[in-house]
Amino acid sequence: QKTTSSPIILTGYQALNKLMGVDVYSTNDQLGGPGIMYSNGVSHLTSPDHLHAIESALQWLSFVPSVRGGLLPISDVSGIDEIDRKVGFVPSPGTPYDPRFLMTGTEDDDGNWLSGFFDKGSFVETLSGWAKSVVVGRARLGGIPMGVIATENRTAEAVKPADPADVQASEAIKQEAGCVWFPNSAYKTAQAINDFKTEDLPLMIFANWRGFSGGQRDMFDEVLKYGALIVDGFVSYEQPVFVFIPPHAEIRGGAWVVLDASINASVMEMYATTGSARGGVLEANGAAAVKYREKDLLKTMRRVDEKLVALYASLESASDVQSEEIKITIANREKSLLPVYAQIAVQFCELHDTPGRMKAVGVIERDVEWENSRSFFFWRLRRKLAEFDLRKKMMSAGDVGRGVKAMSAIEASAMIRDWYLASNDSSPQYWNDDKRFLAWMGENNQQLEVRVADLARKHVADEVFSALSAGGNTSQIGTAGIVEGISRALASMPPAQREALLHSLKSSLNL
């Protein structure tokens, strides 16, 4: 949308003024200018003039395949950036920062460049005027276009303008905490996922959410509905989706529910930064308050604290006077130890949220060093795109009729895994060696094409067998249909091809 004199409206301001009988509005920009439409997510981008608008549109199209399901437009990054380089920008723990720096990089206080995750200068943000607690856009990783969603960890403002038609209305400014999904930001996230899905883009999510806002107003404003739309977007996604917990970030509460890779295990994978990332439904403080109450803390300290053990042992042989003194000493010691043991309980609960524990229970694929994350995800993305292309061919090969169950994406990947391990005579650990897998696909491209053709032939044979051996009317109808199809095919073939098919039928049927 153009920044001036370019409103998006349903009814002009003059007509509305006549309808109300009062001159309330003075321009159409009050109804649909960029201050309205860019701030509510109707307009994705704004431009000062037509030339910049065309340039922005072409830049957007440069991320998108030329046709649905086509090849991604991969750019050569030589001379612009390096693929196997370190990520220079590292956020500081407990310090709010601009999440765009994770993707784009920035300069430090001395003017030195700290590189980001994506190719330098490739990130293009959209919908930036709306729901500012989430950042969405498109970028390139080693030249490969991706959709990207990141969490804003700073407090953002949501401004609701006053309607001139309502004399009692006033501008409302709502402070939205960082790392939380509000109704507008959850909707923005869901819309971005659906946009990227329509554009056939792989998706990278830098996840740092503590959950959804659950206040009365937010519940009334349908935050649960928009959270469900996020899940719906993931369920139907077909390109690789990487959920990555960046340094000193965490996923908690309802955010864990909508980002869980099991929502669509055929495309989604979750990763966490080595050491500093955390994940779990409850935060450590909350888990400790529920699982390790004061009575449990007292029970623990009475078991492990040597002084308390000795004091309780001395109670058995103490006189009444001594017993009272010992009990006072015990109470004082337990009171002094309680804060220490409460902190220990929190630390103990936090141990369950570390990347190592997340990997052990299978909710993440592995932990990744932040400085090496660019290189790791580039090769992972290349591998996944190659794997998805092959399994798409395998699934198409099985789509021959109703008698044979269609192969699912997970089943196709499992078959590829069997082929890979068998041809390499490798242990299962090499299945996740992305460079090795890509080399195997390159070296065995022709053999893989033959295997896909064999798979298609097998499915066709299974379909014919199913039709002929079903029994009853189904078998009779199937037999008649197959005979008619062969007859029609023979009639449409050139003589040489017809003779070859007849010879093949006689040979196969021993006629």
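Our subject in this report is the structure included herewith. (Residues numbered from 1 in each chain as written. Predicted model: local features only at pLDDT ≥ 70, side-chain atom pairs only at ≥ 80, totals over all residues. Heavy atoms only, no water.)

**Observations concerning the sheet that holds strand S13 (residues 366–368)**
Here 7 strands make up an open sheet; going across it, the order is S3-S4-S5-S8-S9-S11-S13 and the pairing mixed. Since the sheet does not close on itself, it has two edges, and those belong to strand S3 (124–126) and S13, each with one partner. Strand-to-strand, the axes of this sheet are offset by a mean angle of 30°, without reference to chain direction. Of the strands in this sheet, S3, strand S4 (134–141), strand S5 (144–151) and strand S8 (203–206) touch helix H6 (residues 183–198), which is tilted by about 25° from S4. (Pairing = 2+ DSSP bridges. Helix = DSSP H or I, 4+ residues; strand = E, 2+ residues; numbered from the N terminus. Axes fitted to C-alpha atoms, helices over the stretch in contact; angles between N-to-C directions. Contact = heavy atoms within 4.5 Å.)

**Examining the packing of aromatic side chains**
Applying the stated criterion across every chain, the model contains 26 aromatic pairs. A ring pair is formed by Tyr-420 and Trp-440, whose centres lie 5.2 Å apart and whose planes are at 80°; its orientation type is edge-to-face. Taken as a pair, Tyr-420 in helix H16 (residues 409–424) and Trp-440 in helix H17 (residues 434–443) lie far apart in primary sequence, 20 residues in all. Since its relative accessible area comes to 4%, Trp-440 is described here as buried. The ring of Phe-388 has Arg-391 sitting right over it, with the charged end atom 3.9 Å from the ring centre. Positioned above the aromatic ring of Tyr-430, the side-chain terminus of Arg-436 is 3.9 Å from the ring centre. (Phe/Tyr/Trp six-rings, centres within 6.5 Å; stacked < 30°, edge-to-face > 60°. Buried < 20%, exposed > 50% of the residue type's maximum accessible area, 1.4 Å probe, protein only. Lys NZ or Arg CZ within 6 Å of the ring centre and 35° of its normal.)

**Brief notes about empty space enclosed by the protein**
Under the definition given, this model contains 2 cavities of 30 Å³ or more. Lining the largest cavity are Leu-45, Ser-56, Gln-59, Trp-60, Phe-63, Val-124, Thr-126 and Arg-138. Breaking the lining of the largest cavity down by element, the ones donating at least two residues are helix H4 (50–61) and S3. Among the elements that take part in the lining of the largest cavity, H4 stands out by supplying 3 residues, more than any other. Class assignment for the residues of the lining of the largest cavity results in 4 nonpolar, 3 polar and 1 charged. Size it by volume and the second largest cavity reaches roughly 40 Å³. Around the second largest cavity, the lining residues are Tyr-97, Pro-99, Leu-102, Thr-151, Asn-153, Phe-206, Asn-208 and Pro-246. When the residues that make up the lining of the second largest cavity are grouped by side-chain class, the tally is 5 nonpolar, 3 polar and no charged. (1 Å grid on protein atoms, 1.4 Å probe; cavity = no way out; pocket = protein on both sides within 12 Å on 5 of 7 lines; lining within 4 Å. Points joined across faces, edges and corners; volume = space filled by probe spheres on them. Nonpolar A, V, L, I, M, F, W, Y, C, P; charged D, E, K, R; others polar.)

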